[in-house]
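# Observations on chain architecture
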Amino acid sequence: MMQYLTKRFALVLLALGLGVSPVAAAPTPPDVLVKQTIEDVLSIIRSDEKIQSGDLGRITEVMEQEVAPHLDFPRMTRLAVGRPWRQATPAQRTALVKEFRTLLIRTYASAFKMFNAIVVEYRPLRAAPEDTDATVTTLIRLPGGVQPISVDYDMQLRGDAWKVFDVRIDGASLIINYRNIFSQEIQRSGIDGLLNSLAEQNAAALSAGKSRQ
């Protein structure tokens, strides 16, 4: 189940690298940021020879530059862990954010090349200019007549930048799905058990990536 969710997340995470113009006097509207960044990242994917050859180092570099800075990893992790987050120690919380962040980044990087053939449609933003919470709605069309995927991005204005804290894929919340999985792991073996599970997955992904190089 965890593997299925991370693959689905990899398919739609493309739209989450929300860049902010350094010369803008006010934050760019979230729907505009999504569209601009999707087109920029797709352009990189389609023109970068290292990415086309499967260079995980280059893929991870693009991930870190274009996507990671604009995701609210602490909030995503806290929401995914749910109530047990309150009982976690500061050290455990720090480790959970680190491992969850690594899981999402590596999952996306491993599936980076599949984005080459997708087409993204953008829906009108239903939010007032003064709102600090917004949902950006898109539709991802896949090749071969596969059923399109609707993707909603829940975002919040944090300071001078919009950040994503949840993704709903065909109506299903990514964070809630992870919460269900994490809850089962925590019930079995506690916060440390969840940490060990995430660390093992990340280590296995790193090992598999090195073996392909």
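The structure contained in this document is the topic of the report that follows. (Residues numbered from 1 in each chain as written. Predicted model: local features only at pLDDT ≥ 70, side-chain atom pairs only at ≥ 80, totals over all residues. Heavy atoms only, no water.)

### Here we look at the pattern of salt bridges
Following the criterion strictly, the structure yields 10 salt bridges and no others. Among the salt bridges present, the one from Glu61 reaches Arg58, with a minimum N-O distance of 3.5 Å. Within this pair, Glu61 and its partner Arg58 are both found in helix α4 (residues 56-66), separated by 3 residues, close to a single helical turn. When its relative accessible area of 38% is taken as the criterion, Glu61 is described as partly exposed. For Asp154, the salt bridge goes to Arg168, with nearest N and O atoms at 2.7 Å. Of this pair, Asp154 sits in strand β3 (residues 149-158) while Arg168 sits in strand β4 (residues 161-169); the two residues are 14 residues apart in sequence, bridging distant segments of the chain. Judged by its relative accessible area of 13%, Asp154 falls in the buried class. By sharing partners, the salt bridges in this structure join Asp48, Arg58 and Glu61 into a single network. (Salt bridge = Lys/Arg side-chain N within 4 Å of Asp/Glu carboxyl O. Helix = DSSP H or I, 4+ residues; strand = E, 2+ residues; numbered from the N terminus. Buried < 20%, exposed > 50% of the residue type's maximum accessible area, 1.4 Å probe, protein only.)

### Concerning the packing of aromatic side chains
As enumerated under the stated definition, the model contains 3 aromatic pairs in all. Arranged with centres 5.1 Å apart and planes meeting at 80°, the rings of Phe100 and Tyr178 form a pair that is edge-to-face. In this pair, Phe100 sits in helix α6 (residues 90-110) while Tyr178 sits in helix α7 (residues 174-212), placing the two residues 78 residues apart along the sequence. Residue Phe100 shares its accessibility class with Tyr178, and that shared class is buried. (Phe/Tyr/Trp six-rings, centres within 6.5 Å; stacked < 30°, edge-to-face > 60°.)

### A closer look at the packing of helix α5 (residues 73-81) against α6
Here α5 crosses α6 at 100°, and the two axes come no closer than 9 Å. The angle between the axes of α5 and α6 places the two elements in the roughly perpendicular class. Along its contact with α5, which presents Phe73, Pro74, Met76, Thr77, Ala80 and Val81, the element α6 presents Leu96, Val97, Phe100, Arg101, Leu104 and Ile105. Partitioned by chemical class, the residues of the contact of α5 with α6 number 10 nonpolar, 1 polar and 1 charged. (Axes fitted to C-alpha atoms, helices over the stretch in contact; angles between N-to-C directions. Parallel < 35°, antiparallel > 145°, perpendicular 65-115°, else oblique. Contact = heavy atoms within 4.5 Å. Nonpolar A, V, L, I, M, F, W, Y, C, P; charged D, E, K, R; others polar.)

### Regarding the packing of α4 against α6
Closest axis-to-axis distance for the α4/α6 pair is 9 Å, and the angle between their directions is 120°. Between α4 and α6, the angle is such that the two are oblique. Viewed along their axes, α4 and α6 form a crossing whose handedness is right-handed. Within the contact between the two elements, α4 uses Leu56, Ile59, Thr60, Met63 and Glu64 and α6 uses Arg101, Ile105, Tyr108 and Ala109. Its residues assigned to classes, the contact of α4 with α6 shows 6 nonpolar, 1 polar and 2 charged. (Left-handed = near helix turned anticlockwise from the far one by under 90°.)

### A word on the nonpolar core
In this structure, Val81, Leu96, Phe100, Tyr178 and Phe182 are the most contacted members of the largest nonpolar core, which totals 47 residues. When residues of this core are traced back to their parent elements, those giving at least two are α2 (30-47), α5, α6, β2 (133-141), β3, β4 and α7. Considering every element that reaches this core, the biggest residue donor is α7, with 10 residues. Within the second largest apolar cluster, 6 residues are counted, among which are Ile44, Leu56, Ile59 and Ala109. (Core = buried A, V, L, I, M, F, W, Y, C linked by side-chain atoms within 4.5 Å.)

### Side note on the pairing of β4
Of all 9 residues in β4, 7 are buried; the element is thus mostly enclosed. Relative to β4, β3 is paired through 8 bridges, and the arrangement is antiparallel. Counterpart to Leu157 in the pairing with β4 is Trp162. Between the antiparallel neighbours β3 and β4 lie 2 residues, among them Gly159 with a positive phi of about 70°. Here β4 pairs with strand β5 (residues 172-173) via 2 bridges, running antiparallel. Bridging from a neighbouring strand, Arg168 pairs with Ser173 of β5. In this antiparallel pair of consecutive strands, β4 and β5, the connection spans 2 residues, and Asp170 shows a positive phi of 50°. (Pairing = 2+ DSSP bridges.)

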